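# Residue-level structure breakdown
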Amino acid sequence: MELLPTDVVLTGEMNGRALSDEVCRRRPEVPVLFTTGYTSNANVHHSRLDPGMHLIGKPFTYAELAYKVRRMLDGDQC
């Protein structure tokens, strides 16, 4: 199973949401895990995240990341 981790805010012309949209267009079965330091407001820099999108706030521990990824790969809504 594959999973795409990406930050909400990226340098350059593409943000994390645009990257996610492109991956979903090409490979809709690949889940996307967004990371951000702005967990209180996921509308960061015009990178709006929709309800149900997977997000983990920074800083996170390896255990928290592993738990989130495992749940996503198991198909759980987390």
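Here's a quick rundown of the structure. Keep in mind that this is a model prediction, so the values were computed, not measured. Residue indices follow the written sequence of each chain, beginning from 1 at its first position. Two thresholds apply to this predicted model, a pLDDT of at least 70 for residue-level local features and 80 or more for giving and counting side-chain atom pairs, whereas whole-chain, interface and lining totals are computed over all residues. To obtain the side-chain values, all non-hydrogen atoms of the structure were included, while hydrogens and water were left out.

### A word on the pattern of salt bridges
One speaks of a salt bridge when a side-chain nitrogen belonging to Lys or Arg is within 4 Å of a carboxyl oxygen belonging to Asp or Glu. Applying the stated criterion across every chain, the model contains eight salt bridges. A salt bridge links Arg17 to Asp21; the shortest N-O distance between them is 2.9 Å. Here Asp21 and Arg17 lie together in helix H1 (residues 16–26), a separation of four residues that amounts to about one turn. Relative accessibility thresholds used throughout: buried, under 20% of the residue-type maximum; exposed, over 50%; partly exposed, between the two (1.4 Å probe, protein chains only). For Arg17, a relative accessible area of 18% puts it in the buried group. Linking Asp50 and Arg17 is a salt bridge whose minimum nitrogen-to-oxygen distance equals 3.0 Å. Taken as a pair, Asp50 in the loop between strand S2 (32–36) and strand S3 (54–57) and Arg17 in helix H1 lie far apart in primary sequence, 33 residues in all. Take Asp50: its relative accessible area is 36%, and that puts it in the partly exposed class. Salt bridges sharing common partners tie together Glu2, Arg27 and Glu29. Only DSSP runs of H or I reaching four residues or more are called helices, and only runs of E reaching two or more are called strands; each is numbered from the N terminus.

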